[in-house]
Protein chains: 2
Amino acid sequence: MQQAMIDGMETPDDLGYGRGDATPRQLRAQFGRLLGMAATHSSRTLGEALAEIGARKYHFAVLASLDEFGPSSQAQLSDRTGIYRSDLVATVNELAGDGHVRREADPADRRRNVVSMTPAGDERRRQIAEVLARTNDAILAPFDPAEREQFAALLHRLNDHLAPRGKW
Amino acid sequence: MQQAMIDGMETPDDLGYGRGDATPRQLRAQFGRLLGMAATHSSRTLGEALAEIGARKYHFAVLASLDEFGPSSQAQLSDRTGIYRSDLVATVNELAGDGHVRREADPADRRRNVVSMTPAGDERRRQIAEVLARTNDAILAPFDPAEREQFAALLHRLNDHLAPRGKW
DNA sequence: TACTAATGTTTGTTGCGCTAACGAATATAG
DNA sequence: CTATATTCGTTAGCGCAACAAACATTAGTA
């Protein structure tokens, strides 16, 4: 919709139309905004770095899970990564399409698939881990080790508080 | 005692098929994930609190901006809040629909609109600020004042590093 | 006057988190 | 053994925030 009424009113033409790109204090003070901005930016930075090698976060989550727990059903992967089962389908599709995982029917329970990591997948995992580490380091550049530790500890505590169940 | 209807059964929990909802370490260690989880949760918590009064974050951003800088063009609001111009259209639509802001054509420059806050809008701003403060406090419950300060400082530094231009 | 730039708007895309529904397979109760 | 419930993978789609692109209108400027 739009306004058709242009019955020009007073509207002082000398209002503070200065070049103002200052962020309002009431906004700058919002903790949630600080958090959101930081997350948005780092998420984007990480996402772009991963995109350069054709990967996505979910890929790493699944590969890391397989690395630590071995062949798993998709339900297990979902539980461990926090990725919804519906989204896992696409993720496993992509990984399987690239030959990084194998998806086979479980003979013991024909409802489930056994997803296992291939050697190529393990290499992929290492590659992604490296990209993540490097990017992460760039993101945390302004902080010394103690501060990073501190930062991470605060976030851990916050998450424990917000998601007591461990999941997310 | 599981039934061995179909023979060839092995323990259903064999081959590492244990009940595992443990998050892989490689994931838990990712700073970006920590940040993302925290942001997702607090954002959701805040969003739900705001939804209870029919408000959204963008509303507060615009109202706060108008409160501090007075009547502004949408471009200015965009600059100051970080909300994209395309998204601002809808935000101003909503606020205007509720009588919280007025959108009038600027007689001095017919390209732009002058958005100004109404008395009802100012009251709305206070209401939202209160909800935000309360919710924020709940989110940060596990932290003492010093820690909150610290947390905010870290986030500020991170944001300055990630978005040196102040914008986002 | 012609070019350039700013403004508001519409439209659409992407990634992520999430819900609903469903068929197939399996487990459990009666 | 049968009826019911539950699990698993899958498809489809919603909602939201961030963002890109194009466009008409209007202003400034060479």
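Here the structure is shown first, and the text comes after it.
The paragraphs below set out a description of the structure included in this document. (Residues numbered from 1 in each chain as written. Chains lettered and ligands numbered in written order. Predicted model: local features only at pLDDT ≥ 70, side-chain atom pairs only at ≥ 80, totals over all residues. Heavy atoms only, no water.)

Core analysis: the biggest nonpolar cluster contains 72 residues, and A:Leu35, A:Phe151, A:Leu155, A:Leu158, B:Phe151 and B:Leu158 have the highest contact counts within it. Setting aside residues no more than four positions away along its own chain, A:Leu155 makes contact with A:Leu35, B:Phe31, B:Leu34, B:Leu35, B:Ala38 and B:Phe151. (Core = buried A, V, L, I, M, F, W, Y, C linked by side-chain atoms within 4.5 Å. Buried < 20%, exposed > 50% of the residue type's maximum accessible area, 1.4 Å probe, protein only. Contact = heavy atoms within 4.5 Å.)

This paragraph deals with helix H6 (residues 119–139) of chain A. Along its 21 residues, H6(A) runs 30 Å from first to last C-alpha, staying within 8% of the 30 Å computed at 1.5 Å per residue. When we look at burial in H6(A), the residues that qualify are A:Gly121, A:Asp122, A:Arg124, A:Arg125, A:Ile128, A:Val131, A:Leu132, A:Thr135, A:Asn136 and A:Ile139. Looking at the packing, one finds that the buried side of H6(A) touches helix H2 (31–52), helix H3 (57–69) and strand E2 (113–117) of chain A together with helix H1 (25–28), helix H2 (31–51) and helix H7 (145–162) of chain B. (Helix = DSSP H or I, 4+ residues; strand = E, 2+ residues; numbered from the N terminus. Expected span 1.5 Å × (residues − 1).)

In screw terms, the move from chain A to chain B is a rotation of 179° and a rise of 0.1 Å along the axis, fitting with an RMSD of 0.2 Å. As the rotation angle and translation indicate, the two copies are arranged about a two-fold axis. Considering only C-alpha atoms, the residue of chain A closest to the rotation axis is A:Ala39, which sits at 3.1 Å. Take the interface residues of chain A: 92% of them recur as interface residues in chain B, which is what a same-surface contact looks like. (Least-squares fit on C-alpha atoms with pLDDT ≥ 70 in both.)

Below, the discussion takes up the protein's contact with DNA strand C. Near DNA strand C there are 21 residues, and of these A:Tyr58, B:Arg44, B:Gln74, B:Ala75 and B:Arg103 occur at the shortest range. In this structure, a base oxygen belonging to DNA strand C sits 2.9 Å away from a side-chain N or O atom of A:Ser86. Between a base nitrogen of DNA strand C and a side-chain N or O atom of B:Arg111, the distance comes to 3.3 Å. Counting residues per element, the ones that place at least two in the surface near DNA strand C are H3 and helix H5 (85–97) of chain A together with helix H4 (74–81) and helix H5 (85–97) of chain B. Grouping the amino acids of the surface near DNA strand C by side-chain chemistry returns 5 nonpolar, 5 polar and 11 charged. (Near = heavy atom within 4 Å. Polar contact = N/O pair within 3.5 Å; in protein donor to acceptor, adjacent residues only side chain to side chain. Nonpolar A, V, L, I, M, F, W, Y, C, P; charged D, E, K, R; others polar.)

Turning our attention to the packing of H2(A) against H7(B). Two elements in contact, H2(A) and H7(B), have axes separated by 9 Å at closest approach and are oriented at 40°. By the criterion of interaxial angle, the relationship of H2(A) to H7(B) is oblique. Classified by chirality, the crossing of H7(B) by H2(A) is left-handed. Contact residues: A:Phe31, A:Leu34, A:Leu35, A:Met37, A:Ala38, A:His41 and A:Ser42 in H2(A); B:Phe151, B:Ala152, B:Leu155, B:His156, B:Leu158, B:Asn159 and B:Leu162 in H7(B). (Axes fitted to C-alpha atoms, helices over the stretch in contact; angles between N-to-C directions. Parallel < 35°, antiparallel > 145°, perpendicular 65-115°, else oblique. Left-handed = near helix turned anticlockwise from the far one by under 90°.)

Residue and element names in this part refer to chain A. Mapped onto the elements, Thr 81 comes out in helix H4 (residues 74–81). By relative accessible area, Thr 81 is classed as buried at 1%. A polar side-chain atom of Thr 81 sits 2.7 Å from the main-chain carbonyl oxygen of Leu 77.

Looking now at the protein's contact with DNA strand D. Around DNA strand D lies a shell of 20 residues, among which A:Arg44, A:Ala75, A:Arg103, B:Tyr58 and B:Arg110 are the nearest. Among atoms of DNA strand D positioned within 4 Å of the protein, sugar and phosphate together represent 69%. With respect to DNA strand D, the side chain of B:Tyr58 contributes an N or O atom lying 2.4 Å from a phosphate oxygen. Of all the secondary-structure elements, those providing two or more residues to the surface near DNA strand D are H4 and H5 of chain A together with H5 of chain B. In terms of residues, the surface near DNA strand D owes the most to one element, H5(A), which gives 3 residues.

Our focus in this paragraph is the packing of H4(B) against H5(B). Residue and element names in this part refer to chain B. The interhelical angle for the contact between H4 and H5, taken along N-to-C directions, is 110°, at an axis separation of 10 Å. With respect to each other, H4 and H5 are oriented roughly perpendicular. Here H4 contributes Gln 74, Ala 75, Leu 77, Ser 78 and Asp 79 to the contact with H5, which in turn contributes Arg 85, Leu 88, Val 89 and Val 92. Across the contact of H4 with H5, the residue classes break down as 5 nonpolar, 2 polar and 2 charged.

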